[in-house]
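Descriptive structure summary
The primary structure of each chain is shown beneath.
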Amino acid sequence: MAPVPISSIKVGHIDDVQELRKNRPKTIPERFVRDMSERPTPAMALSPPSSDMPVIDFSKLTKGNSEQIQSETLKLADACESWGFFQVLNHEVDLTLMEIMEKSSREFFMLPLEEKQKYQMAPGTVQGYGQAFVFSEDQKLDWCNMFALGIEPQFIRNPNLWPKKPATFSETVEVYSREMRKVCQNLLKYIGLGLGLEGDVFEKMFGEAVQAIRMNYYPPCSRPDLVLGLSPHSDGSALTVLQQAKGSPVGLQILKDQTWLPLQLIPNALLINIGDTIEVLTNGKYKSVEHRAVAHKDKDRLSIVTFYAPSYEVELSPMQEFVDEKNTCKYRRYNHGEYSKHYVTNKLQGKKTLDFAKI
Ligand SMILES: COC(=O)C(/C=C/C1=C(C)CCCC1(C)C)=C/O[C@H]1C=C(C)C(=O)O1
Ligand SMILES: O=C(O)CCC(=O)C(=O)O
Ligand SMILES: [Fe+2]
């Protein structure tokens, strides 16, 4: 993926949200104040946090008898088709590792600004500490500090961005990411089977899959009604795995039936969502659902997000199994590296990024 010429991007001054919060401002800087149409839905007009979202028991897939495997695979297929988001329990990821990852991420965000700025995200790039997806001086900013790293393949890593503090942070990211890779590979196997395909279809197609991690830290905000924690977007990945830190308030919302629906997450579960790659491959049978995050008046929130996607060389187009007279081909053939470049060089804007591939 060719880097964007940094000199041509003028993003203006980007306030660090945690530093802003330290002074407990009564007014929110204009760059964070959303236009009316973009502001979070007022509480009284919002549906209660959803606990109807499907829950998949991973152990039934990996250790169940043939009946359990079959019924859980069907449940998974239904979750992908009707929600695009689901939670996974008994996911085989050590809960202590998840806790350590959470603690290390929190410790990183609590470091002094000058320490975090050693890993500053360069304008127009997505790795490091700062705000990604900002490309102009008049673009609104998210009420969020982010820290992102490319994980696999090795060539996407920038070793200068791997923190030396907290001391065990980088090792923890490494171990955690290996576990997340297994979760993604396993889920893709059963997603493939649920679609009536071979279990290894995605593994074979994706080559050496691209994996990235992003930690999103949302400080409390005195006017959560005016800001967004994270702009609406769909993920450019094949699958995304989200771990929400313990004690976090509800913050993630998905666009379901044209309404923003807040998601209530089960402690220790992993939240999975379908990304743009799977939408294209299934010709829209499974959709990458638009989502956003909102801020909270008194509580901070932390999410740790893994993106899993095909290798950059892979050419993608809807699989022939999902194209017929009734379901005409909705996406053109394109190279995933080109899509990644397009994704990271545009602001987050709902599902607009996927127009790149639409016919
Ligand atoms: C909101 O989405 C993202 O922040 C994001 C970024 C991922 C990446 C990095 C943090 C570093 C390495 C490159 C990569 C683009 C993977 C989403 O990831 C999605 C978007 C695309 C495209 C993808 O493949 O995963
Ligand atoms: O923090 C959240 O809940 C949402 C994060 C997210 O959507 C992302 O990082 O892509
Ligand atoms: Fe996302």
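Predicted, not measured: the structure shown is a model, and the values here were computed from it.

Definitions and limits used
Residues numbered from 1 in each chain as written. Chains lettered and ligands numbered in written order. Predicted model: local features only at pLDDT ≥ 70, side-chain atom pairs only at ≥ 80, totals over all residues. Heavy atoms only, no water. Salt bridge = Lys/Arg side-chain N within 4 Å of Asp/Glu carboxyl O. Helix = DSSP H or I, 4+ residues; strand = E, 2+ residues; numbered from the N terminus. Buried < 20%, exposed > 50% of the residue type's maximum accessible area, 1.4 Å probe, protein only. Donors = N, O, S within 2.8 Å, 3.2 Å for Na, K, Ca; no water. Near = heavy atom within 4 Å. Polar contact = N/O pair within 3.5 Å; in protein donor to acceptor, adjacent residues only side chain to side chain. Areas by Shrake-Rupley, 256 points an atom, 1.4 Å probe, with all protein chains shown as cover. Nonpolar A, V, L, I, M, F, W, Y, C, P; charged D, E, K, R; others polar. Pairing = 2+ DSSP bridges. Axes fitted to C-alpha atoms, helices over the stretch in contact; angles between N-to-C directions. Contact = heavy atoms within 4.5 Å. UniProt positions renumbered as here; feature names shortened; annotations may be inferred. 1 Å grid on protein atoms, 1.4 Å probe; cavity = no way out; pocket = protein on both sides within 12 Å on 5 of 7 lines; lining within 4 Å. Points joined across faces, edges and corners; volume = space filled by probe spheres on them.

**Here's the deal with the pattern of salt bridges**
- Counted by the stated rule, this structure contains 18 salt bridges.
- A salt bridge links Glu-72 to Lys-75; the nearest nitrogen and oxygen atoms lie 4.0 Å apart. Here Glu-72 and its partner Lys-75 are both found in helix H3 (residues 66-82), three residues apart, which amounts to about one turn of the helix.
- Judged by relative accessible area, which is 3%, Glu-72 ranks as buried.
- Because the salt bridges share partners, they merge into one network encompassing Arg-34, Glu-38 and Asp-142.

**Here we look at the coordination of the iron ion (ligand 3)**
- Within the first shell, the iron ion (ligand 3) binds the protein through His-233 (NE2), Asp-235 (OD) and His-291 (NE2), at distances of 2.1 to 2.3 Å.
- All donors of the iron ion (ligand 3) belong to a single chain; written as a sequence motif, their spacing is H-x1-D-x55-H. With Asp-235 in the loop between strand S6 (230-233) and strand S7 (239-244) and His-291 in strand S11 (residues 291-293), this residue pair connects regions lying 56 residues apart in the sequence.

**Side note on the site of ligand 2**
- In the vicinity of ligand 2 there are 13 residues, among which Arg-214, Tyr-218, His-233, Arg-301 and Ser-303 approach most closely.
- Here Asn-216 contributes a side-chain N or O atom positioned 3.0 Å from an oxygen atom of ligand 2.
- At 3.0 Å from an oxygen atom of ligand 2 is found a side-chain nitrogen or oxygen belonging to His-233.
- For ligand 2, the accessible surface in isolation is 290 Å², of which the surrounding protein chains cover 98%.
- Elements that contribute at least two residues to the shell around ligand 2 include exactly strand S5 (210-218), S6 and strand S12 (301-309).
- In terms of residue class, the shell around ligand 2 is built from six nonpolar, four polar and three charged.

**Here we look at the sheet that holds S6**
- Strand order in the open sheet made by the four strands is S6-S11-S8-S9, with antiparallel pairing throughout. Of all the strands in the sheet, just S6 and strand S9 (259-262) have a single pairing partner and so form its edges. Between one strand and the next, the sheet's axes are offset by a mean angle of 25°, whatever the strand orientation.
- In this structure, S6 lies alongside S11, joined through two bridges in antiparallel fashion. Across the sheet, Leu-230 pairs through a bridge with Ala-293, a residue of S11.

**Thoughts on the environment of Asn-327**
- By secondary structure assignment, the location of Asn-327 is in the loop between strand S13 (315-316) and strand S14 (334-335).
- With a relative accessible area of 33%, Asn-327 lands in the partly exposed category.
- For the pair Asn-327 and Lys-285, spaced 42 residues apart in sequence, the C-alpha to C-alpha distance is 9.2 Å.
- Excluding anything up to four places from it in sequence, Asn-327 contacts Asn-283 and Phe-322.

**Focus: the UniProt feature "domain: Fe2OG dioxygenase" (unreviewed entry) in the chain**
- The UniProt record marks residues 208-310 with the feature "domain: Fe2OG dioxygenase" (unreviewed entry), using the residue numbering of this structure.
- Each end of residues 208-310 is marked by a C-alpha atom, and these two atoms are 7 Å apart; helix forms 6% of the span and strand 44%.

**Remarks on the site of ligand 1**
- Surveying the vicinity of ligand 1 reveals 18 residues, the closest of which are Ala-212, Arg-214, Phe-307, Ala-309 and His-336.
- For ligand 1, whose accessible area on its own is 530 Å², the fraction buried by protein is 98%.
- Put simply, the parts of the chain that give the shell around ligand 1 at least two residues each are strand S4 (145-152), S5, S12 and helix H9 (336-344).
- When residues of the shell around ligand 1 are assigned to their parent elements, the largest contribution, four residues, is made by H9.

**A closer look at the layout of surface pockets**
- The calculated volume of the second largest pocket comes to roughly 350 Å³.
- Lining the second largest pocket we find 15 residues, and of these Thr-41, Ala-43, Leu-46, Val-294 and Ala-295 sit closest to its centre.

**As for empty space enclosed by the protein**
- Applying the stated rule across the entire model yields one cavity of 30 Å³ or more.
- Put simply, the largest cavity is a space of about 30 Å³.
- As for the largest cavity, its lining consists of Tyr-218, Pro-219, Pro-249, Val-294, Ala-295, His-296, Lys-299, Asp-300 and Arg-301.

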